[in-house]
Amino acid sequence: MAIGKSSGRLDWLTIFLFLALVSIGWVNIYSASLSDSTEGFFDMGQIYTKQLLFIILSVLLIVFILAIEAKFYERFSSIIYIVSLLSLLGLFVFGKTISGATSWYAFGSFSLQPSEFAKAATALALAKFVSDIQTNLKEFKYQLGAFLIILIPAIIIVPQPDPGSALIYAAFIFPLYREGLHFAYLLLGFFAAALFVSTLAFGIVWVALGVILIAGIFFFRNRKKRPSLFKYIVIVSACIGFAFSVNYIFNNLFEQRHRDRFNIVLGKEIDAKGIGYNTNQSEIAIGSGGWTGKGWTQGTQTKGNFVPEQHTDYIFSTVGEEWGFVGSFIVIALFVGLVVRLVIMAERQKNQFSRVYGYSVASIIFLHFFVNVGMVTGLFPTVGIPLPFFSYGGSGLWGFTILLFIFVRLDAANSYYSRS
Amino acid sequence: MRKVLLLGIVLITGVVFAGRLFYLQILDTSFQKLSQNNAVKVLYDYPQRGYLFDRNGKLLVSNQPSYDVMVIPREVKPLDTMEFCNLLKISKGRFDTLMQKAKIYSPRLPSPILPQLTKAEYAYLSEKMYKYEGFYIQKRSLRDYQVNHSANVLGYIAEASPRIIEENPYYQMGELIGMQGVEKQYEEALRGVKGVKYIQKDRFNRDIGPYKDGIFDTLPKRGKDLTLTIDAILQKYGEELMVNKRGGIVALEPATGEILALITAPNYDPALLVGRDRSRNFTELYYDSIAKPLFDRGLQGEYPPGSPFKTLTGLIGLQEEIIDTRESVSCYGGYVYGRGQKLGCHRHPSPLAMIGGIANSCNAYFCTVYRRVIEKYPTPQEGIDNWHRHLKSFGLGDYLGYDLPVGKKGLIPTSEFYNRWYEYPKYKWYATATISNAIGQGEVLMTPMQMANFTAAIANRGYYYKPHIIKKIEEENSIPDEYTKKNITTVHPKYFEPVVEGMHDVYRYGTASMLQVPDIEICGKTGTAENYIRVEGKRMQLTDHSIFVAFAPKDDPKIAIAVFVENGYWGSRWAGRIASLMIEKYIKGEITRTDMEEYVLNGSLQDEYAKPYSGEPFKINR
């Protein structure tokens, strides 16, 4: 194999964290999907058996990724990006619909979700663009270019519809900021994302009231500096206008199937009682764990299937119920450790392409973790996205594996160069 | 900044998530319970409540099956409400109210919709219940009363109120709990322990088998049978004697402190508080604010004890050695104290010593003794407190500590009481200011139970056992230790004989000479107490209360009794007669003086009780 030539030391800490998360994830998927049926362990109908197969395949994938020359990823990033966009567009023709979203290609009994792979492709393309010798993120045309690279896949993904996956593209604001983008974009980006989600989750009226209230508080606190009332009115109108347009697009341009899918992602579908059913159930499951939990496969909420989507988006509630505070704290620590490790690794890259890519990887994994655990613990509104390496699903697992191990490969090459 | 922003956000997120988990999993324990409610269905198996027997083994209370229609609100499917209401024989409005209540209590836990069906109603309903999902019939056991008396002693059971459920997590909506009397006092022994089955459910509320293979499931434990100290025959007889009168009778066995009879009048049939008419009957009893059938006069009525108190005054006088049995005191139609103030007395031979003083109930004699008791000490404060100490040793002025859930302290004033009353030291007070205490009027108050208890202490010549209603729990002879412990009075046994002699003379030639019972040596003391009432803000004096305490036989007493008849006039008129009939009934088992029995059974004081509410002027004590 070609590993020997341009590869230096692999970052074993990252690999260890990856393996730890994947194995703990599988143990919990096993518990969450355990049923009383008599099907055997090796029956392919079992969710945990399938996930085990996905994990084994992902190991093969890793070997493959590490075997490829590091320069390949930089050189072919544009092509990978374009292929990825085509695969997303192809969904509109060949896509298979699963729980309301036309996000899948079906191959026999297996389905692939190209949006999971598009994140890595976008990260490569963005790294390539930003690391170009001419690119200067202080200039508007380069800013526009970077935003287009990020937004094109997101915009294709939204009407599939898969708003959760699209939301994740906001993570790319971090590497851009790291490479010199103005701080205001960061704020604007997050503010827009917050407005977007809250408009869909809480409705236009509450968002408008909230914006006016916040603006009022700022105006009142700064009143000694004689703030311009006009400016405030413009900003508030812009925010409400944005919320209105989100609302308008949702209610008028979208078809019912889009709305249904949004409602699934925002948890409004199962929550017929309108009291945050899934979040409520998930909080109950986690809360009932106590210090050390009820023990593996002993969770009553987990067993009773009270938490919807528990083996996918809500897998963390199983950790909380069965392993308690100790177990969930360890998982949180592993994720924080992984992201921190990735940022440190990105910072030590000599070459800008690797650094931007590493930052993108860290940001994407972090945003997934942030939104998912925030939702499952009831801190944020429901946005259905998976917990990296943890949630059930082949595409998701492979997407994250590719994302992560391309960076491990780049890092290894970097250390090789730095040593030689 | 550019290099550390993401790191900072990641670390803060980690801390926030850890904090959130700590809150959910450690600090907020409500989820731990909620989880149980949510995923695990709890089924209960209610055991039989323990039976109640009287001291002779006669069954007083057993059980009958009863059926409650229960609902689990979240399992209810849309139904034909009109048809269902017709089936249950309740109105649509009532049904909606009950459903609302059940939902508020808990959507997941069962609440009663229609409690206490009879067997016939159950048979009819049970065939049709399958049509109504979320509703089912829960079997419970209700009380089946074998006697129509003793309601105040037995108490009753009722559905646990939301407040009880909140305080005591054992109980749930629709479950029964003892609310009064023995049922309340011995609730835990009587109820047993309900059996529990935990069923794991999925989110469609389907049972998916026993929770953790049933390791937490328990079998019900039957309630324990209790034997009470009550003598059912005596209790029933006492209630009959008190018909159309108001008051209380307490009979104790001096040698043990066992309560032989505890009667309050008016009373009610305990069976009234069982079954579907329970709440209507209860409301009726509860709102009778004049006759107060739910008020246990024997335990809760605080009355001036009147002349029976003189026995205590005499005992304290002898113990304090300020008088002996030989010294006589002259009576000039009363006791003169201060400047021309006089506490009157009735006609009787004079002068009298201790025995004659008790037999003739001479006010002058006991005022003299009382004053000397108080004035033995340098200040009246010390005198009163010493007097209080003696009375306290007879179980007066405080809760007696018997095993029934209601009671009153009565009142034996202390120096503090009078200091406050007279605003000491601004104004001084002396023994004479409290002189009415000598004869059981003044500030002294007692419940009939306390009167019976001090009579038992006299019968025992100097000690008593705390009165109690429990004789046996199941087959063990173990009753709480506090009821087998002797309480010794501050008065030496040798001083009791003259007082007992005096009480015996009450029967031989004194105020109760007409009440003698052939072949039984009874010792007693009559009492007559003035009393007042307020009706629509107007204070008026009513006919005196008729009071009597007695024990018999004089040597080796078997029964000590206190009888209190509201507005019965002089002591021997009603209370004395009732006491002597009760004693005869208990000791002989039959009544020889049938004329007197007839007179008491048919006697009524209802006219007397109607007087203050008639709105017309009326005369008393006639």
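Bear in mind that the values here come from a model prediction, so they are computed numbers and not experimental data.

### Some thoughts on the overall build of chain B
So, point 1. Check the secondary structure of chain B and you find 22 helices and 20 strands.
So, point 2. Taken over 622 residues, chain B has a buried fraction of 42%.
So, point 3. Relative to all contacts within chain B whose residues are 6 or more apart in sequence, the contacts with residues 24 or more apart total 72%.

### Topic: the overall build of chain A
So, point 1. From N to C terminus, chain A includes 18 helices and three strands.
So, point 2. The buried share among the 420 residues of chain A stands at 46%.
So, point 3. Taking the contacts inside chain A whose residues are at least 6 apart along the sequence as the reference set, 71% of them involve residues at least 24 apart.

### Quick word on the environment of Leu137 of chain A
So, point 1. Note that Leu137 of chain A resides in the loop between helix H6 (114–131) and helix H7 (140–157).
So, point 2. In contact with Leu137 of chain A, other than residues within four places in its own chain, are Val130, Tyr142, Gln143, Ala146, Leu176, Glu179, Gly180 and Leu181 of chain A.

### With respect to the sheet that holds strand S2 (residues 101–107) of chain A
All names here are of chain A.
So, point 1. Pairing in this open sheet of three strands is antiparallel, and the strands run S1-S2-S3 from one edge to the other. Since the sheet does not close on itself, it has two edges, and those belong to strand S1 (96–98) and strand S3 (110–112), each with one partner. Strand-to-strand twist across the sheet, computed as the mean angle between neighbouring axes with direction ignored, equals 55 degrees.
So, point 2. Where S1 lies against S2, two bridges are found, and the strand directions are antiparallel. Each bridged residue has a counterpart across the sheet, and for Ile98 the counterpart in S2 is Ala101.

### Side note on the pairing of strand S3 (residues 59–71) of chain B
Residue and element names in this part refer to chain B.
So, point 1. Here two bridges tie strand S2 (residues 52–53) to S3, and the two strands are oriented antiparallel to one another. In the sheet register, Leu52 faces S3, and the bridge partner there is Val61.
So, point 2. Between S2 and S3, which pair antiparallel one after the other, the connecting turn spans five residues, and Gly57 there sits at a positive phi close to 85 degrees.
So, point 3. In this sheet, strand S4 (residues 111–117) lies alongside S3 in antiparallel orientation, the contact comprising four bridges. Directly across from Met70, in S4, lies its bridge partner Pro112.

### Overview of the nonpolar core
Residues and elements named next belong to chain B.
So, point 1. The biggest cluster of nonpolar side chains holds 118 residues, and the ones touching the most others in it are Ile249, Ala251, Ala452, Ala550, Ile561, Val563 and Met582.
So, point 2. When residues of this core are assigned to domains, at least three fall in each of domain 1 (41–228) and domain 2 (232–285 + 298–613).
So, point 3. When near neighbours in sequence (up to four residues on either side) are disregarded, Ala251 contacts Leu234, Leu260, Ala261, Ala452, Ile559, Ile561 and Met582.

### Brief notes about the environment of Leu114 of chain B
Residue and element names in this part refer to chain B.
So, point 1. Within the secondary structure, Leu114 is located in strand S4.
So, point 2. Taking the C-alpha atoms as reference, Leu114 lies 9.4 Å from Val71; in sequence the two are 43 residues apart.
So, point 3. Among all residues touching Leu114, those that are not within four sequence positions of it are Asp68, Val69, Leu88 and Ile90.

### Description of the sheet that holds strand S12 (residues 258–265) of chain B
Residues and elements named next belong to chain B.
So, point 1. Pairing within the open sheet is antiparallel, and its five strands lie in the order S12-S11-S20-S19-S18. The two strands at the open ends of the sheet, each matched to only one other strand, are S12 and strand S18 (523–535). For this sheet the average axis-to-axis angle between neighbouring strands, irrespective of direction, equals 10 degrees.
So, point 2. Where strand S11 (residues 247–253) and strand S20 (residues 559–565) come together, six bridges link them in antiparallel fashion. Counterpart to Leu252 in the pairing with S20 is Ala560.
So, point 3. Of the strands in this sheet, S11 and S12 are in contact with helix H10 (residues 232–241), which crosses S12 at around 25 degrees.
So, point 4. The strands touched by helix H18 (residues 448–459) within the sheet are S11, strand S19 (538–552) and S20, with S20 carrying the most contacts at an inclination of about 150 degrees.

### Some remarks on the confidence of the model for chain A
As a note on interpretation, predicted positions should not be read in detail where pLDDT is low.
All names here are of chain A.
So, point 1. Taken over all residues, the pLDDT of chain A has a mean of 84, while the share at 70 or more is 87%.
So, point 2. Considering only residues more than four positions removed or in separate chains, one finds that residues 1–6, a stretch of pLDDT under 50, has nine contacts.
So, point 3. Throughout residues 271–275 the model reports pLDDT below 50, and contacts reaching past four residues in sequence, or to other chains, amount to four contacts.

### Things to note about the packing of helix H10 (residues 183–202) of chain A against helix H11 (residues 204–221) of chain A
Residues and elements named next belong to chain A.
So, point 1. Relative orientation of the contacting elements H10 and H11 amounts to 135 degrees, with a least axis distance of 7 Å. Taken together, the axes of H10 and H11 are oblique relative to one another. In contact with Leu195, Ser198, Thr199 and Phe202 of H10, H11 contributes Ile204, Trp206 and Val207.

### Structural notes on helix H19 (residues 496–508) of chain B
All names here are of chain B.
So, point 1. Its 13 residues give H19 an end-to-end C-alpha distance of 18 Å, which sits within 8% of 18 Å, the value for a rise of 1.5 Å per residue.
So, point 2. Regarding H19, the residues found buried are Phe496, Pro498, Val499, Val500, Gly502, Met503, Val506 and Tyr507.
So, point 3. Taken together, the buried residues of H19 touch helix H13 (309–319), helix H14 (354–360), H18 and S18.

### Details of unusual backbone geometry
Residues and elements named next belong to chain B.
So, point 1. With an omega of 0 degrees, the peptide bond between Ala265 and Pro266 qualifies as cis.
So, point 2. Locating Pro266 in the fold gives a position in the loop between S12 and helix H11 (278–286).
So, point 3. One non-glycine residue, Glu321, lies in the positive phi region at around 55 degrees.
So, point 4. With respect to the secondary-structure elements, Glu321 resides in the loop between H13 and strand S13 (334–337).

### Section: the confidence of the model for chain B
So, point 1. On average, residues of chain B score 87 in pLDDT, and 96% of them are at 70 or above.
So, point 2. The complex prediction reports pTM at 0.62, with the ipTM value standing at 0.87.

### Observations regarding the environment of Leu391 of chain B
Residue and element names in this part refer to chain B.
So, point 1. Here Leu391 is to be found in helix H16 (residues 380–392).
So, point 2. A tally of 26 C-beta atoms within 10 Å means that Leu391 is categorised as buried.
So, point 3. Distance in space between the C-alpha atoms of Leu391 and Thr489 is 8.4 Å, their sequence separation being 98 residues.
So, point 4. Ignoring anything within four residues of it in the chain, the contact list for Leu391 reads Leu312, Leu396, Gly397 and Ile412.

Criteria and cut-off values
- Residues numbered from 1 in each chain as written.
- Chains lettered and ligands numbered in written order.
- Predicted model: local features only at pLDDT ≥ 70, side-chain atom pairs only at ≥ 80, totals over all residues.
- Helix = DSSP H or I, 4+ residues; strand = E, 2+ residues; numbered from the N terminus.
- Buried ≥ 20, exposed ≤ 12 C-beta atoms within 10 Å, placed from the backbone.
- Contact = placed C-beta atoms within 7 Å.
- Pairing = 2+ DSSP bridges.
- Axes fitted to C-alpha atoms, helices over the stretch in contact; angles between N-to-C directions.
- Core = buried A, V, L, I, M, F, W, Y, C linked by C-beta atoms within 7 Å.
- Domains from an automatic or database assignment.
- pLDDT = per-residue confidence, 0-100.
- Parallel < 35°, antiparallel > 145°, perpendicular 65-115°, else oblique.
- Expected span 1.5 Å × (residues − 1).

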